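# Structural features, examined
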Amino acid sequence: KSGRRGKSKGTNMSRDGFPIDLVLVRHGESEGNLAQQLSKQGDDSLWTDDFQRRHTSRYRLTELGVEQAESAGAWIKSNIGQSFDRYYCSEYVRAMETASILNFENAQWLLEFFLREQDRGVLGSTSHMKREKNYKQLMEKKKYDAFYWTPPGGESVATACLRVEKFLTTLRSSCSGFRVLVVCHGNIMVGFRVRLERMSQVLYEDWQKGKSPKQKFHNCQILHYSRRNPETGRVGTSINWVRSICPWDTNLSSNEWRSINRPVFNNSDLYDMVSRVKPIVTHKKFRKIMKAKKRAQRDGHDSREAKRPRKEKDHHGHSGKRTQCERFQDTDGQDAHPPDPNLAKPEGEQAGGHYSPPQVRSRPLVDSDSDFLYSDDDDDDDDEVSPATTTTEVDTTEGEAVDEDNILFDLGEEGKRAVKTLRRQAVERKRSLRSVTPLPTPEDVS
């Protein structure tokens, strides 16, 4: 059971203005059909280099294909009508050749690329034997999901159905109430069935699995859709009847009218279709895999720890690297490895020699006898001082002499300003002492 079936009551597809008669004709047998038929028997001799270079859109009809097209034209004229209001044809060569052989007088054909055959991508212009050999895994996937399966560089049946839907939109807008004849391809006729009859993917799969030849679209097969009731002749508002005819061998087709029952599904019907697909990925499997991964990581960590060499602890209780303080101290807090005393002494003073770094001190402004170091020139009112006052004495008990100018230079800018201030204060003090009136002597008092 695939769902309840009943006549459509006003969907957008049935409510719009469809043609009264829509006649679909598949092209006659082509070069590609005949070459593939021989390839399925294990013989690729017809797949020559010239033929493999030819694109599938340029396949011509075989002699049998021409006869099939003539039979289709005669049957349509005898059972449907001598003429149509609108003629559409695929742009592929085999379809155009079939349309011309149908031989409808005064026909004005409109070429429509939406009616081209399903694009098979890399599988196009490739023999059946090479497909099975070079694309075996790809062909296996097609068996599981033929409706949505897409060959590399090609399109799926579902995608081809979208092109058919665009063409049906054209018919609704410009061919309402017309009689329309369309020459196209096998998988495009499948698209018409899927869209006009609301065929689901499940119904499509069941239809494709059928073994009866009456369920196939043979070359020059005719699929006749109509809004006219075949029993009463009354024209309805939607396409509700269809029949399928193989004109050159009616034993390969049903030939009878049947009403179109577009399925509608309830919740149970949907779940029944879902139940046909068994789940593969579950949370139970996911949790099992995650537990196994954690167990493997734990086992791997334990094995690495077991292989890693263990470091013995020292008398401090430490293992591994020691800090710098620990490396230089023993248990009593004394330096186990004191620095070499000779490393800090300059050359010539190592190995027990006495070494005393130079001590730098500034020369006092006044000596022990209170004599100023500045010039005795009384008329010197400037702040300039003699060179003797600009030096800093270096007292070196032992060692080499030190350049006094360099030591003064090392005082920096602030030090120089301080020395200059002291010099100025000394000059002022000297001048003030000279201007003091001397105390009177005892002789002057008497």
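Notes on the structure in this doc start here.

A word on the packing of aromatic side chains. Using the criterion set out here, one finds 13 aromatic pairs in the structure. Summarising the aromatic geometry, the rings of Y87 and F104 are spaced 6.1 Å apart at their centres and angled 50° between planes, so their arrangement reads as tilted. Here Y87 is found in strand β3 (residues 86-89), whereas its partner F104 is found in the loop between α5 (93-102) and β4 (109-111), with 17 residues between them in sequence. Looking at Y87, the relative accessible area reads 4%, which means it is buried.

A few words on the sheet that holds β4. What holds strands together in a sheet is hydrogen bonding between their backbones, with the strands either parallel or antiparallel. The seven strands are arranged β4-β3-β5-β2-β6-β7-β8 in an open sheet whose pairing can be described as mixed. Every interior strand has two partners, whereas the edge strands, β4 and β8 (258-259), have only one. Direction of pairing for β3 relative to strand β5 (residues 179-184): parallel, over a ladder of four bridges. Paired with Y88 across the two strands is V182, which belongs to β5. Sheet strands touched by helix α8 (residues 157-174): β2 (21-26), β3 and β5. Its angle to β3, the strand with the most contacts, is close to 170°.

Along the polypeptide, S173 turns up in helix α8. Along the backbone, S173 and F18 are 155 residues apart, and their C-alpha atoms lie at a distance of 8.2 Å. Within the structure, the side chain of S173 is placed 3.0 Å from the backbone oxygen of T170, a separation counted as a polar contact.

Taken as a whole and assessed by the stated rule, the structure comprises 12 salt bridges. Across the pair R179 and D21 runs a salt bridge whose closest N-O atoms are separated by 3.8 Å. Highlighted residues: R179 in strand β5 and D21 in strand β2, separated in sequence by 158 residues. Classification of D21 by relative accessible area gives buried; the value is 5%. The partner of R228 in a salt bridge is D21, with the nearest N and O atoms 3.2 Å apart. Taken as a pair, R228 in the loop between β6 (222-226) and β7 (241-245) and D21 in strand β2 lie far apart in primary sequence, 207 residues in all. We classify R228 as partly exposed; its relative accessible area is 33%. One connected set of salt bridges, linked through shared partners, spans D21, R179 and R228.

Take unusual backbone geometry next. Positive phi, close to 60°, is recorded for N103, a residue that is not glycine. Counting through the fold element by element, N103 comes out in the loop between α5 and β4. With a phi close to 60°, N106 is a non-glycine residue in the positive phi region. One can find N106 in the loop between α5 and β4.

Thresholds, definitions, all that
Residues numbered from 1 in each chain as written. Predicted model: local features only at pLDDT ≥ 70, side-chain atom pairs only at ≥ 80, totals over all residues. Heavy atoms only, no water. Phe/Tyr/Trp six-rings, centres within 6.5 Å; stacked < 30°, edge-to-face > 60°. Helix = DSSP H or I, 4+ residues; strand = E, 2+ residues; numbered from the N terminus. Buried < 20%, exposed > 50% of the residue type's maximum accessible area, 1.4 Å probe, protein only. Pairing = 2+ DSSP bridges. Contact = heavy atoms within 4.5 Å. Axes fitted to C-alpha atoms, helices over the stretch in contact; angles between N-to-C directions. Polar contact = N/O pair within 3.5 Å; in protein donor to acceptor, adjacent residues only side chain to side chain. Salt bridge = Lys/Arg side-chain N within 4 Å of Asp/Glu carboxyl O.

Without other data, these values stay purely geometric and don't point to any function.
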